[in-house]
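Structural features, examined
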Amino acid sequence: MNELALLIAATLAAGTPLAIAGLGLLLNERAGVVNLGAEGMLLVSAVAGFAAAHDGGSEWFGFVAGAAGGAAVAAVFGWLVVWLNTNQYATGLAVSLFGSGFSAFVGIGYVGKQLGEQPPHRVPFLADVPFLGPALFRHHPVVYLAIALVAAAAWFLYRTRAGLLLRAIGESPQSAHALGYGVRRIRFAAVVTGGALCGIAGAYLSVVYTPLWVEGMVAGRGWIALALTVFATWRPGRILLGAYLFGGVTMLQLHLQARGVHVPSQFMAMLPYVSTIVVLAIISRNPLWIRLNMPASLGKPFFPGA
Amino acid sequence: MIRLDVRPTPSLAMSVLSPVIALTVTVTLGGLLFLALGKEPGRVLSMFLFEPFNGARALTELGLKCTPLILCALGLGLCFRANVWNIGAEGQFLMGAITGGGLALWVTNAQLALSPWAFFPLVVLAGAAGGAAWAGIVALLRDRFHANEILVSLMLVYVADLLLSWLVFGPWKDPRGFNFPQTVNFSASTELPRIVPGLRLHWGFVFALVAAVLMWLFMFRTYRGVRLQIGGPAPAAARYAGFSASSAIWTTLLLSGALAGIAGAFEAVGPMGQLTPHVASGYGFTAVIVAFVGRLHPIGALLGSVVLSALVIGGQLAQSRVGLPASVSGVFQGILLLSLLACDTLIHHRLRLVGWSRRTAP
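Just so we're clear, the structure is a prediction, and the values are computed from it rather than from any experiment.

The subject of this paragraph is the overall build of chain A. Scanning chain A for helices and strands turns up 13 helices and zero strands. Ordering the α and β elements of chain A from the N terminus gives α-α-α-α-α-α-α-α-α-α-α-α-α. Taking 2.2 N^0.38 as the reference for a compact globule, 306 residues should give roughly 19 Å; the C-alpha atoms of chain A span a radius of gyration of 19 Å, in line with that estimate. Taken along the three principal axes of its C-alpha coordinates, chain A extends 60 × 45 × 40 Å. Here the analysis covers contacts within chain A between residues at least 6 apart in sequence; of these, 78% occur between residues at least 24 apart. For chain A, the accessible surface area stands at approximately 12,500 Å², while carbon and sulfur atoms represent 69% of it. Placing the 17 positive and 9 negative side-chain charges of chain A at their respective mean positions leaves the two points 17 Å apart.

As structure tokens, then:
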């Protein structure tokens, strides 16, 4: 029973960065922009977050730096794809390649360093409830922030005028433009916001989850977060569900390993990637369903003159 | 303010100039980066720009680096033109290294005495089979299940990497290798034939050049090749003409997977001479940039591979001589692709300065 509680706790912790990054990418995609640079943005913000938390002495400093780093990289990406109309796939890929090189480059001085000991986080009273306490109420505040962000994003997208506009731009930028809205400005804002969210996710990885900096430590979570947007059929609530599902797979793999299940560790480590592939195939099986849910202008550049 | 106006026709001059401008921007930014790090920019930049071309030995090493990049970029260029976003060439490269290296390991363990020229076609076939099988998974999932090929091919990179790691840490580990994750050194009968005795450059380089010419013939001189490229920019027109999207997916993915696999097999059997986790050197990702620098054109891939190989070699020199991290070449690669994409805007757009002239305009 206690073991199950710990597994649930570990799942929430592992799913949190995926949820926050996936939510950022969802906002991008709802505005019609595919961001393949997620992996690079996570890496840059992970190293920025770790450096700031290490040198600044406060993990909150790390989160601010991570969000700023993610937003800065996203601004470069957004400028290229929104204002210069470059190919979104190629540009995103370039951002990922740049991010992995750049993060390794600037992070070289931080390899092997450690952050100061942080006091454990406990929700008052609830943390002492048997079973539920250790499973749900002894987490870093960012774990709860992820849930709050998802709720806020759902409210924003479906209950506010600005959210409606964002969705409209993802469906038909031409119509939004004809109504007099600045499509490019809004797309750019969505990209930068998405980048800041990826930045928080990256900082969470290096400041709270691991907590250290190693080259390439994001290990494909940026791509898994992209797969999550498809899995969630572009709805915020399902991002959370998917993120915890993948978090659970990651944890189950470590859990089985610790229990001495006789499968080579490399095959266990394949589980998150293989399950992403399997889930993608199952979700995408019905092309009509995906097409109905996918923002209609996803990946397409917008020319205001046309 | 700078404004972009759409050109009536794409500028031919700009499509040639854009990679040159992008390279200039990259070198300038790189110089500033070195300056900021307190390294002599002139000295470091010459490691990237001149030393890889300095002398016969350097040139053959450049050719050695070019070989996998050309092979991977040829297939990727074809994929991207057909609008199939195979980003997982690195995984297909690794699978080729596993199958090609596995064949060499088998020949070594069985103590077969083959002439290098008898082994060469075998290693090509083994690599092609491994790479094509890995890309075939992507094609199958894309064709039957409509799964996004970008994500599937990328996830398979991590899977291939773990598979290689399992092999060299486990069943294929050299029992007398002091517990290092590596196989035994492959026997002499698996060596790729050298072009010049004493230098490492092997006939795989010539194979890559021939593949580039064949790819050019396929893309621009065969009905099937031209048909593939129509499906990319104009899927509706291609459907109307009765061109099958599913055949385009299978053809481009299998071909690019086979080429990347051959590159991986050459790398494992050629310069490495054994399998280690270091076979995963990022050639598959670098090849994406090669493909774009080469304008998704087979002959352009040859030029692009020279530029990117120089960056890779320069990065290694900068690491050993002035202690810069090897990832500096990754930074260069990212900046190069980003500035190339930005410069490509000039092919279809004209820059115009507005703001001051607005009042005087009629």
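Next comes the rest of the account.
Within chain B, the secondary structure is distributed over 13 helices and two strands. For chain B, whose C-alpha radius of gyration is 22 Å, the value lies close to the compact-globule estimate of 21 Å for 362 residues. Overall, chain B is about 85 × 60 × 35 Å in size when its C-alpha atoms are taken along their principal axes. Burial analysis of chain B (362 residues in total) assigns 55% to the buried set. Pairs at least 24 apart in sequence give 79% of the contacts found in chain B among residues at least 6 apart. With an accessible surface of roughly 15,700 Å², chain B has 67% of that area assigned to carbon and sulfur atoms. In chain B, the 23 positive side-chain charges and the 12 negative ones have mean positions that sit 10 Å from each other.

On to helix 4 (residues 89-109) of chain B. Taking 1.5 Å of rise per residue, the 21 residues of helix 4 of chain B would be expected to cover 30 Å, and the 29 Å separating its terminal C-alpha atoms lies within 8% of that figure. Once helix 4 of chain B finishes, Gln 111 of chain B follows within two positions and takes phi at roughly 55 degrees, a positive value.

Before going further, it helps to spend a moment on the side chain of Arg 184 of chain A. All names here are of chain A. Along the polypeptide, Arg 184 turns up in helix 9 (residues 183-209). Within the structure, Arg 184 has its side chain in polar contact with the backbone oxygen of Val 82 (distance 3.4 Å). Once you skip the residues sitting within four places of it in the chain, Arg 184 turns out to touch Val 82, Trp 83, Asn 85, Phe 302, Phe 303 and Pro 304.

Our focus in this paragraph is the nonpolar core. Grouped together as the largest cluster of nonpolar side chains are 194 residues, with contacts concentrated most on Trp 223 of chain A together with Phe 48, Phe 80 and Phe 292 of chain B. Ranked by residue count, the leading element in this core is helix 6 (residues 149-169) of chain B, at 14 residues. Beyond its immediate stretch of four places on either side in the chain, Phe 48 of chain B contacts Phe 34, Ala 310, Leu 311, Gly 314, Gly 315, Ala 318, Val 328 and Phe 332 of chain B.

Further remarks concern the pattern of salt bridges. Residues and elements named next belong to chain A. The final tally for this structure, using the stated rule, is six salt bridges over all chains. A salt bridge links Arg 259 to Glu 3; the shortest N-O distance between them is 3.3 Å. Residue Arg 259 is found in the loop between helix 11 (236-258) and helix 12 (265-284), and its partner Glu 3 is found in helix 1 (residues 2-30); the two are separated by 256 residues along the sequence.

Attention shifts here to the side chain of Ser 329 of chain B. Residue and element names in this part refer to chain B. Topologically, Ser 329 is positioned in helix 13 (residues 328-348). Residue Ser 329 is classed as buried on the basis of its relative accessible area of 10%. Ser 329 has contacts with Leu 311, Val 312 and Gly 315, leaving out every residue within four places of it along the chain.

This next bit is on the environment of Val 27 of chain B. All names here are of chain B. Take Val 27: it is sitting in helix 1 (residues 12-36). Relative accessible area serves as the criterion here: at 22%, Val 27 is assigned to the partly exposed category. In this view, Val 27 contacts Leu 45 and Leu 49; residues no more than four positions away in its chain are not counted.

Before going further, it helps to examine the interface of chain A and chain B. Tallying the contact residues gives 41 residues for chain A and 40 residues for chain B. Here chain A and chain B share an interface that buries about 3,600 Å² over both sides, 86% of which is from carbon and sulfur atoms. On inspection of chain A and its partner chain B, the count reaches zero salt bridges. Taken together, the elements giving at least two residues each to the side of chain A that touches chain B come down to helix 3 (59-83), helix 4 (88-107), helix 10 (221-231) and helix 12 of chain A. Ranked by residue count, the leading element in the side of chain A that touches chain B is helix 4 of chain A, at 12 residues. A breakdown of the residues in the side of chain A that touches chain B according to their chemical character gives 31 nonpolar, eight polar and two charged.

Calculation criteria
Residues numbered from 1 in each chain as written. Chains lettered and ligands numbered in written order. Predicted model: local features only at pLDDT ≥ 70, side-chain atom pairs only at ≥ 80, totals over all residues. Heavy atoms only, no water. Helix = DSSP H or I, 4+ residues; strand = E, 2+ residues; numbered from the N terminus. Rg over C-alpha atoms; globule rule 2.2 N^0.38 Å. Contact = heavy atoms within 4.5 Å. Areas by Shrake-Rupley, 256 points an atom, 1.4 Å probe, with all protein chains shown as cover. Lys, Arg positive; Asp, Glu negative; His and termini not counted. Charge placed at Lys NZ, Arg CZ, Asp CG, Glu CD. Buried < 20%, exposed > 50% of the residue type's maximum accessible area, 1.4 Å probe, protein only. Expected span 1.5 Å × (residues − 1). Polar contact = N/O pair within 3.5 Å; in protein donor to acceptor, adjacent residues only side chain to side chain. Core = buried A, V, L, I, M, F, W, Y, C linked by side-chain atoms within 4.5 Å. Salt bridge = Lys/Arg side-chain N within 4 Å of Asp/Glu carboxyl O. Buried area = accessible area lost by both parts, 1.4 Å probe. Nonpolar A, V, L, I, M, F, W, Y, C, P; charged D, E, K, R; others polar.

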